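Chain by chain, the residues run as shown.
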4 protein chains.
Amino acid sequence: MENENIEIQPDRNPITPRTEEERNKLINRLKRIEGQIRGLQKMVEDDRYCVDVLVQISSVNSALKQVGFALLERHTRTCVSSAVQSGEGDEYIEELMKVMKQFSK
Amino acid sequence: MENENIEIQPDRNPITPRTEEERNKLINRLKRIEGQIRGLQKMVEDDRYCVDVLVQISSVNSALKQVGFALLERHTRTCVSSAVQSGEGDEYIEELMKVMKQFSK
Amino acid sequence: MENENIEIQPDRNPITPRTEEERNKLINRLKRIEGQIRGLQKMVEDDRYCVDVLVQISSVNSALKQVGFALLERHTRTCVSSAVQSGEGDEYIEELMKVMKQFSK
Amino acid sequence: MENENIEIQPDRNPITPRTEEERNKLINRLKRIEGQIRGLQKMVEDDRYCVDVLVQISSVNSALKQVGFALLERHTRTCVSSAVQSGEGDEYIEELMKVMKQFSK
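Residues numbered from 1 in each chain as written. Chains lettered and ligands numbered in written order. Predicted model: local features only at pLDDT ≥ 70, side-chain atom pairs only at ≥ 80, totals over all residues. Heavy atoms only, no water.

- Labelled according to an unreviewed UniProt entry, chain A appears under the name Transcriptional regulator, originating from Virgibacillus oceani.

Okay, structure coming up:
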């Protein structure tokens, strides 16, 4: 699949800012994932069986994808929908497709 | 795809123990990934644009997969090969296939 | 990743019907894929090397995903956008997310 | 993930030839998939709802992956194992890893 790069825009924010509750929820999920990554380091230090480490890596990947899908859904419901309603959907939909392709790799 | 569970075996080690160099290399890669996860938390705190966060999540997923493939290759070259050579390959190959399926989701 | 089933709706059509040109283009791509599948059958008949068959399967999978992404983009640009503009976006976005999750497996 | 090309070797066969039963089983699965592809063409001709077509594409992709995993398992059990036993495992394992990476995209 071709690699279409998406330019990072550090000064850009969601059209609808995330509420404090939304931010906290996301950060908590990411903290749990951070804990899982530290758990992986411990498994390597303990020279744990390869397959067990691999199963744990799969589980972290799956947790990260879930966070990604939650962000993607929120982004479509708010940013993309607002843009569509104000007649500027094209650019947002193009970007959405690029990020979906990258995500489904 | 059916979900074939792989049983975690906490007391099991690789047939050929990882060298200190191998362990350090893996741990360093996992520490960089841990740093990326903290970077993601910061992006959420700063209410950064959804697509930028998603691109970063894709990049962490890809880094984790690379670690996984390195482990998978090492596992095949050492543990699976030893088992095949001593005539006990079947069970190892079955396990390898299960973990690969889980990995390719 | 949980399996959220999407109900097939045989009597439903795209909000904006596909033009003849769009239909022909899609059908041509699917005919090429059908040819690739027959090529795979020939490879098996000729007892071709496993890895070569696998590479060809990957290539068909990739071609099918491209068709899927083309459909997904068209669906978002037309059906989902129309629904958002007429205030009925929620249901369409939920469905879009489900199909994307299924697609990124 | 980097794209490591695998060279197609048209004159190469599996170390252990496929039995007639194995060949027939594979060809039957591929014929069913060919039928599904024709079903997709019919869905497009009937201008069926985008999401329904996408669900069907996912299902074909999944069926193709299953065939791929069956081939991969057989390849590992026979070709790779033979090579490992005769001390020529390295090259086969490297090739196996490349094809696994391509497969997990």
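1. Considerations on the overall build of chain A
Stage number 1. Scanning chain A from N- to C-terminus turns up three helices and zero strands.
Stage number 2. Along its sequence from the N terminus, chain A presents helices and strands in the succession α-α-α.
Stage number 3. By the compact-globule yardstick of 13 Å for 105 residues, chain A is too spread out, its C-alpha radius of gyration being 17 Å.
Stage number 4. Projected onto its principal axes, the C-alpha coordinates of chain A cover approximately 55 × 35 × 20 Å.
Stage number 5. Across the 105 residues of chain A, 52% fall into the buried class.
Stage number 6. Taking contacts inside chain A between residues at least 6 apart in sequence as the whole, the part at least 24 apart equals 67%.
Stage number 7. Of the side chains in chain A, 16 bear a positive and 18 a negative charge, and the two mean positions are spaced by 6 Å. (Helix = DSSP H or I, 4+ residues; strand = E, 2+ residues; numbered from the N terminus. Rg over C-alpha atoms; globule rule 2.2 N^0.38 Å. Buried < 20%, exposed > 50% of the residue type's maximum accessible area, 1.4 Å probe, protein only. Contact = heavy atoms within 4.5 Å. Lys, Arg positive; Asp, Glu negative; His and termini not counted. Charge placed at Lys NZ, Arg CZ, Asp CG, Glu CD.)

2. Quick word on the confidence of the model for chain A
As a note on interpretation, predicted positions should not be read in detail where pLDDT is low.
Stage number 1. Within chain A, residue pLDDT values average 91, and 96% of them lie at 70 or more.
Stage number 2. Averaged pLDDT values over the elements of chain A bottom out at 92 in helix H3 (residues 89-103) of chain A and peak at 97 in helix H1 (residues 20-45) of chain A. (pLDDT = per-residue confidence, 0-100.)

3. Some details on the packing of H3 of chain A against helix H2 (residues 50-85) of chain B
Stage number 1. Running from amino to carboxyl end, H3 of chain A crosses H2 of chain B at an angle of 15 degrees, the nearest separation of the two axes being 10 Å. As the angle between them shows, H3 of chain A and H2 of chain B are arranged roughly parallel. The interaxial crossing formed by H3 of chain A with H2 of chain B has left-handed handedness. For the pair formed by H3 of chain A and H2 of chain B, the contact residues are Glu95, Val99, Gln102 and Phe103 of chain A on the first element and Val51, Leu54, Val55, Ile57 and Ser58 of chain B on the second.
Stage number 2. For the contact of H3 of chain A with H2 of chain B, the residue count by class is six nonpolar, two polar and one charged. (Axes fitted to C-alpha atoms, helices over the stretch in contact; angles between N-to-C directions. Parallel < 35°, antiparallel > 145°, perpendicular 65-115°, else oblique. Left-handed = near helix turned anticlockwise from the far one by under 90°. Nonpolar A, V, L, I, M, F, W, Y, C, P; charged D, E, K, R; others polar.)

4. Topic: the nonpolar core
Stage number 1. Core analysis: the largest hydrophobic core is formed by 132 residues, its most contacted members being Leu40 of chain A, Leu40 of chain B, Leu40 of chain C together with Leu40 of chain D.
Stage number 2. Those residues in contact with Leu40 of chain C that lie beyond four places of it in its chain are Val53, Gln56, Ile57 and Val60 of chain C together with Leu30 and Leu64 of chain D. (Core = buried A, V, L, I, M, F, W, Y, C linked by side-chain atoms within 4.5 Å.)

5. Topic: the relation of the copies chain B and chain A
Stage number 1. Once chain B has been moved 0.0 Å along the axis and rotated by 180 degrees, it coincides with chain A to within an RMSD of 0.0 Å. Here the two chains are linked by the operation of a two-fold rotation axis. (Least-squares fit on C-alpha atoms with pLDDT ≥ 70 in both.)

6. Remarks on helix H3 (residues 89-103) of chain C
All names here are of chain C.
Stage number 1. Between the first and last C-alpha of H3 there are 21 Å, a value that for 15 residues agrees with the 21 Å anticipated at 1.5 Å per step.
Stage number 2. Counting buried positions along H3 yields eleven of 15 residues, so the element is predominantly enclosed.
Stage number 3. Regarding H3, the residues found buried are Gly89, Tyr92, Ile93, Glu95, Leu96, Met97, Val99, Met100, Lys101, Gln102 and Phe103. (Expected span 1.5 Å × (residues − 1).)

7. Section: the pattern of salt bridges
All names here are of chain C.
Stage number 1. Scanning all chains against the criterion turns up 36 salt bridges over all chains.
Stage number 2. The salt bridge involving Glu22 is made with Arg74; its shortest N-O contact spans 2.9 Å. One end of the pair, Glu22, is in helix H1 (residues 20-45); the other, Arg74, is in helix H2 (residues 50-85), and 52 residues separate them in sequence.
Stage number 3. For Glu22, a relative accessible area of 28% puts it in the partly exposed group. (Salt bridge = Lys/Arg side-chain N within 4 Å of Asp/Glu carboxyl O.)

8. Points about helix H2 (residues 50-85) of chain D
Residue and element names in this part refer to chain D.
Stage number 1. The terminal C-alpha atoms of H2, which comprises 36 residues, lie 51 Å apart, in line with the 52 Å expected from a rise of 1.5 Å per residue.
Stage number 2. Residue Thr76 marks the point of greatest curvature in H2, where the axis turns by about 35 degrees.
Stage number 3. Most of H2 sits out of view: 26 of its 36 residues are buried.
Stage number 4. Of the residues flanking the end of H2, it is Gly87, one or two places downstream, whose phi is positive at about 75 degrees. (Bend = angle between axes of the 7 residues up to and from the residue.)

9. What about the interface of chain B and chain A?
Stage number 1. Facing the 50 residues of chain B at the interface are 50 residues of chain A.
Stage number 2. When the two sides are added together, the surface that chain B and chain A hide from each other amounts to roughly 4,900 Å², 66% of it contributed by carbon and sulfur.
Stage number 3. Our count for the contact surface shared by chain B and chain A stands at four salt bridges.
Stage number 4. The salt bridge partner of Asp47 of chain A is Arg18 of chain B, with a shortest N-O separation of 3.1 Å.
Stage number 5. At the surface where chain B touches chain A, the tally comes to 20 residue pairs in polar contact (both at pLDDT 80 or more).
Stage number 6. Ranked by the residues each element gives to the side of chain B that touches chain A, the list is headed by H2 of chain B, at 18 residues.
Stage number 7. Its residues placed into classes, the side of chain B that touches chain A shows 28 nonpolar, eight polar and 14 charged. (Buried area = accessible area lost by both parts, 1.4 Å probe. Polar contact = N/O pair within 3.5 Å; in protein donor to acceptor, adjacent residues only side chain to side chain.)

10. What about the packing of H2 of chain C against H2 of chain D?
Stage number 1. One can describe the packing of H2 of chain C onto H2 of chain D by two numbers: an axis separation of 10 Å at closest approach and a directional angle of 165 degrees. On the basis of their axis angle, the class for H2 of chain C and H2 of chain D is roughly antiparallel. You can see that H2 of chain C and H2 of chain D cross each other, and the crossing is left-handed.

11. What about the packing of aromatic side chains?
Stage number 1. Per the stated rule, a full pass over the model turns up four aromatic pairs over all chains.
Stage number 2. Both rings, one in Phe69 of chain C and one in Phe103 of chain C, keep their centres 5.7 Å apart while their planes meet at 65 degrees; by these two values the pair is edge-to-face. Placement of the pair is Phe69 of chain C in helix H2 and Phe103 of chain C in helix H3, with a sequence separation of 34 residues. Each member of the pair Phe69 of chain C and Phe103 of chain C is classed as buried.
Stage number 3. Here the guanidinium or amino end of Arg12 of chain B rests over the ring plane of Tyr49 of chain A, the centre of that ring lying 3.9 Å away. (Phe/Tyr/Trp six-rings, centres within 6.5 Å; stacked < 30°, edge-to-face > 60°. Lys NZ or Arg CZ within 6 Å of the ring centre and 35° of its normal.)

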